[in-house]
Amino acid sequence: MSKEKDLNEREERFFDKMKAKAGKIVNDRVKLKELLADTQKKMEASSSDDSLKAKIVEFLSLIMRMISSYVKGVYTETPWQTILMFVAGLIYFVTPIDAIPDFIPVAGLIDDATVLVWLGKSFRNDVSRFKKWEESNDSE
């Protein structure tokens with residue numbers, strides 16, 4: 001088995017654990033708010049590659065607004081499964097020991113970014129609809 005395939009399988013198993021945690025957190029407003037706060041702290045503390053960091057921060061900010069809008073009942077068009085997957089992604093992001101631990105310079109952030117990019121692509125339509133909704137409500 002190649003190292004890349006082994007790493008992908010480990011990441012998949014690890015992400016499955018994050019999905020299980022997300023299932024418990026997604027319906028608990030207090031824990032969900034704590035997760036959003038932890039995500040914000042990690043985004044602010046991240047000091048890796050500035051261009052990668054900027055893209056991650058931009059995407060995470062969007063996802064956090066999407067989840068917050070869903071929780072507040074302001075925007076409920078996002079399917080529950082999408083919210084669950086994004087919560088799992090945030091858990092993966094804030095967990096210091098994941099497939100590639102965050103203390104490893106650049107690489108630790110890249111594996112987080114990889115999961116976030118995969119989520120963004122997988123749920124592109126839901127993200128797109130939220131962005132359009134957000135833009136139309138910001139102009140009012």
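Residues numbered from 1 in each chain as written. Predicted model: local features only at pLDDT ≥ 70, side-chain atom pairs only at ≥ 80, totals over all residues. Heavy atoms only, no water.

Going by what an unreviewed UniProt entry lists, the chain is known as DUF1232 domain-containing protein and is assigned to Roseivirga ehrenbergii. The Subcellular location (unreviewed entry) field of the UniProt record for the chain holds the comment "Endomembrane system". (UniProt positions renumbered as here; feature names shortened; annotations may be inferred.)

(A) Up close: helix α6 (residues 124–138). Counted at 1.5 Å a residue, the expected span for α6 with its 15 residues is 21 Å, and the 21 Å between its end C-alpha atoms agrees. Along α6, the residues classified as buried are Asp126, Val127, Phe130 and Glu134. One side of α6 carries all its buried residues, which in axial view fall inside an arc of 95°. Along α6, exposed side chains directed more than 90 degrees from the buried face belong to Asn125, Lys132 and Glu135. (Helix = DSSP H or I, 4+ residues; strand = E, 2+ residues; numbered from the N terminus. Expected span 1.5 Å × (residues − 1). Buried < 20%, exposed > 50% of the residue type's maximum accessible area, 1.4 Å probe, protein only. Arc of directions from axis to C-beta.)

(B) View of helix α4 (residues 80–94). Counted at 1.5 Å a residue, the expected span for α4 with its 15 residues is 21 Å, and the 21 Å between its end C-alpha atoms agrees. Here α4 lies mainly inside the structure; 12 of its 15 residues are buried. Listed in full, the buried residues belonging to α4 are Thr82, Ile83, Leu84, Met85, Phe86, Val87, Ala88, Gly89, Leu90, Ile91, Tyr92 and Phe93.

(C) Seen up close, the confidence of the model for the chain. The share of residues in the chain with pLDDT of 70 or more is 72%, and the mean pLDDT across the chain is 78. At the level of individual helices and strands, the chain shows its lowest average pLDDT in helix α1 (residues 3–25), which scores 69, and its highest in α6, which scores 93. (pLDDT = per-residue confidence, 0-100.)

(D) Broad picture of the side chain of Thr78. You can see Thr78 is positioned in the loop between α3 (50–72) and α4. On the basis of relative accessible area, Thr78 is assigned to the buried category, the value being 3%. Apart from residues lying up to four places away in sequence, Thr78 is in contact with Met66, Tyr70 and Ile83. (Contact = heavy atoms within 4.5 Å.)

(E) How the structure looks around the pattern of salt bridges. A full pass over the atoms with the stated rule returns 2 salt bridges. With a shortest N-O distance of 2.3 Å, Arg129 and Asp126 are connected by a salt bridge. Highlighted residues: Arg129 and Asp126, both in helix α6, separated by 3 residues, approximately one helical turn. Taking relative accessible area as the criterion, Arg129 reaches 42% and is therefore assigned partly exposed. (Salt bridge = Lys/Arg side-chain N within 4 Å of Asp/Glu carboxyl O.)

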